Structures are given as C-alpha cells and as structure tokens.
Amino acid sequence: MKKKSSFILLFSVISLLLTVGCTTTTFNLALRSQAESNNRGLLMLKLGMNKDDVYKVMKTPDNSEGFEWGTAWIYRTSSNNSVRYKGALDESFTPVVFDRDDKLIGWGRQVYIQKNPELQ
C-alpha cells in the first residue's frame, strides 16, 4: 500500500510540474509574440500621426497615462522581467507619446522623461 501511495504522490507532483511548466511556457510565448508585434509596429510610426492612425498600427496599448501636456500609451516591447506593469519607465514597456492635440510627438523612455522631467 505504501508503494501505491508513493507512486500516486510522485505522479501528482510530476503532473503538477508539467502543467505549471507548460502554462508558463505558453504565457512566455504570448508575451514574446506581443512584444515582437509591438516592436514591428513601432517601426511604422511617424511623428505627427494622430491617435487613430497609431491605433491602426499598434492596436490596444497595455496601459495609458494622461497628463496636462498630453497622453502616453504604454506598449510591451520585451518579454523580460516581471509581467506586472510598473509604469512607462519599466524596461519591458515603451511609451508612445501624444501632445494635447493627440498628435504623435515620439516614443520611448527618453521622450517620456522629457515631458516628465520630475522622473529623472
């Protein structure tokens, strides 16, 4: 009876590890795919585009931030680090920055910092 219980316990542990491993791998692949798609989209952006045009290229942002001077849409561009969003300065994300008139003024952390000097 002890052998049977040990076998069942071992089988349960192995099954759990395989399930967690497959789920994590699937999740990481999804993050990588999203990051790759967003990076391809960034290559198609042009200064002065309006939000509708940027949306057609980039699709829905992971997050957005509104400011007195405009808006920043935040996109995942790396599958590294944590999966939690920590703000536009997180190295796994790239801000796409619009002015008050919803015109694209740039993308990347440097543009974001220029508009928010208190973050330096």
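So, here's what we can say about the structure.

The rules behind the values
Residues numbered from 1 in each chain as written. Predicted model: local features only at pLDDT ≥ 70, side-chain atom pairs only at ≥ 80, totals over all residues. Heavy atoms only, no water. Helix = DSSP H or I, 4+ residues; strand = E, 2+ residues; numbered from the N terminus. Buried < 20%, exposed > 50% of the residue type's maximum accessible area, 1.4 Å probe, protein only. Contact = heavy atoms within 4.5 Å. Areas by Shrake-Rupley, 256 points an atom, 1.4 Å probe, with all protein chains shown as cover. Salt bridge = Lys/Arg side-chain N within 4 Å of Asp/Glu carboxyl O. Pairing = 2+ DSSP bridges.

1. With respect to the overall build of the chain
And then number 1: When helices and strands are tallied, the chain shows three helices and four strands.
And then number 2: The buried share of the chain, reckoned over its 120 residues, is 32%.
And then number 3: For the chain, the proportion of contacts with a sequence separation of at least 24, taken over those separated by at least 6, is 42%.
And then number 4: When the accessible surface of the chain is summed, it comes to about 8,200 Å², and 58% of that surface belongs to carbon and sulfur atoms.

2. Describing the pattern of salt bridges
And then number 1: Applying the stated criterion to the full structure yields one salt bridge.
And then number 2: The residue Lys-51 makes a salt bridge to Asp-102 at a minimum N-O spacing of 3.3 Å. Residue Lys-51 is found in helix α2 (residues 51-58), and its partner Asp-102 is found in the loop between β3 (93-99) and β4 (104-107); the two are separated by 51 residues along the sequence.
And then number 3: Take Lys-51: its relative accessible area is 18%, and that puts it in the buried class.

3. Here's the deal with the pairing of β3
And then number 1: For β3, the tally of buried residues reaches six of seven residues, placing the bulk of the element in the interior.
And then number 2: Here strand β2 (residues 70-76) runs beside β3; their pairing, made up of seven bridges, is antiparallel. Its bridge partner lying in β3, Arg-76 is registered against Phe-93.
And then number 3: In textbook terms, the turn of a hairpin is the stretch between consecutive antiparallel strands, and for β3 and β4 this stretch comprises four residues, one of which, Asp-102, has a positive phi near 65°.

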